[in-house]
Amino acid sequence: MEFEWYDDSLFVVIKGRELLYSSQLKYMVSIDLSSNNLVGNIPEEVGSLIGLINLNLSFNQLTGNIPYQIGVLQSLESLDLSHNQLSGEIPQTLSNLTSLGELNLSYNNLSGRIPSGPQLDTLHTDDPASMIAFFRLFDNLYDRAYVFVVVSWALWFRKASASSST
């Protein structure tokens, strides 16, 4: 997805009405570009849309990292980046989104720990596939499996060492 900023205006057609956003573009409140076969990175400039309440870029072919600038969108209530090819870690700045009520990052190639924070910890977890709860569960299982493997390996190594000593 590429944005070229020739001036600070944008025409948007919603339900047959053509709307002009000019110098107030930064106060746009909703962007839904889902299911548009968009490719490329999410532009860092998205962080300049300070009035944004809803951002839906799901079901595209977006790649690269989630821009940390999304974390400055204090009015953001809904963020859906699901069903893309995003990679890298989930930015810690998402924990700054104190108005966030819905978050869907599923079906991407994200890695690392899920940021925690007052708002992210309170999101709805009744449908793990639609949010990050699935990844939090995976992190917990990974941690338990890691501890199990390390402890089992250490015990086996001790036994092997004791057997070879006698």
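Sequence order sets the numbering: in each chain, residues are counted from 1 along the sequence as written. Reporting in this predicted model follows two pLDDT cut-offs: at least 70 for local features of residues, and 80 or more for side-chain atom pairs to be given and counted; totals over whole chains, interfaces and linings ignore these cut-offs and use all residues. The basis for the side-chain values is all heavy atoms of the structure; hydrogens and waters are excluded.

1. Considerations on the overall build of the protein chain
Helix and strand assignments follow DSSP, with helices taken as H or I runs no shorter than four residues and strands as E runs no shorter than two, numbered in order from the N terminus. Helix and strand content of the protein chain: 1 helix and 10 strands. Its helices and strands taken in sequence order, the protein chain reads β-β-β-β-β-β-β-β-β-β-α from the N to the C terminus. A simple rule labels every residue: compare its accessible area, found with a 1.4 Å probe on the protein chains alone, to the largest value its type can have, and call it buried under 20%, exposed over 50%, or partly exposed in between. Across the 166 residues of the protein chain, 33% fall into the buried class. Should any heavy atoms of two residues lie within 4.5 Å, those residues are considered in contact. In the protein chain, 43% of the contacts between residues at least 6 apart in sequence involve partners at least 24 apart. Working note: accessible area of the protein chain is about 10600 Å², and carbon and sulfur atoms make up 57% of it. Methods summary: accessible areas were calculated by the Shrake-Rupley approach with a probe of 1.4 Å, and residue burial reflects only the protein chains presented.

2. Quick notes on the pairing of strand E6 (residues 61-64)
Only one face of E6 is buried: it carries Leu62 and Gly64, and the other face, with Gln61 and Thr63, is open. In terms of strand pairing, strand E4 (residues 39-40) meets E6 through 2 bridges, oriented parallel. Opposite Gly40, over in E6, you have Leu62 as the bridge partner. Between any two strands, at least two bridges found by DSSP are needed for them to pair. When E6 meets strand E8 (residues 85-89), the two strands line up parallel, connected through 2 bridges. Each bridged residue has a counterpart across the sheet, and for Gly64 the counterpart in E8 is Leu86.

3. Focus: the sheet that holds E8
Within the open sheet, the 4 strands sit side by side as E4-E6-E8-E10. Their pairing is parallel. Of all the strands in the sheet, the pair left with one neighbour each is E4 and strand E10 (109-111).

4. Points about the pairing of E8
Here E8 pairs with E10 via 3 bridges, running parallel. Paired with Gly88 across the bridge in E10 is Leu110.

5. Considerations on unusual backbone geometry
Phi at Ser35 takes a positive value of approximately 55 degrees, unusual for a residue other than glycine. Mapped onto the secondary structure, Ser35 falls in the loop between strand E3 (30-32) and E4. A relative accessible area of 52% means that Ser35 is categorised as exposed. Positive phi is not limited to glycine here, since Phe59 has a value of about 55 degrees. The topology assignment puts Phe59 in the loop between strand E5 (54-56) and E6.

6. So, the confidence of the model for the protein chain
Each residue carries a pLDDT score, the predictor's own confidence in it, on a scale running from 0 to 100. The predicted model of the protein chain averages 78 in pLDDT, with 67% of residues at 70 or higher. For the protein chain, the element scoring lowest by mean pLDDT is strand E1 (residues 10-14), at 61; E6 scores highest, at 96.

7. Looking at the sheet that holds strand E9 (residues 102-104)
Ordered by their spatial adjacency, 4 strands build an open sheet running E3-E5-E7-E9, and the pairing between neighbours is parallel. In this open sheet, the two edge strands, each paired with only one partner strand, are E3 and E9. Between one strand axis and the next, the sheet turns by 10 degrees as a mean value, whatever way the strands run. Summarising the sheet, E5 and strand E7 (residues 78-80) pair through 3 bridges and their orientation is parallel. Bridging from a neighbouring strand, Asn56 pairs with Asp80 of E7. Only the contacting stretch of a helix is used when fitting its axis, a line to C-alpha atoms as for every element, and angles between N-to-C directions run 0 to 180 degrees.

8. Some thoughts on the side chain of Ser58
Topologically, Ser58 is positioned in the loop between E5 and E6. Beyond its immediate stretch of four places on either side in the chain, Ser58 contacts Ser34, Ser35, Asp80, Leu81, Ser82 and Asn84.

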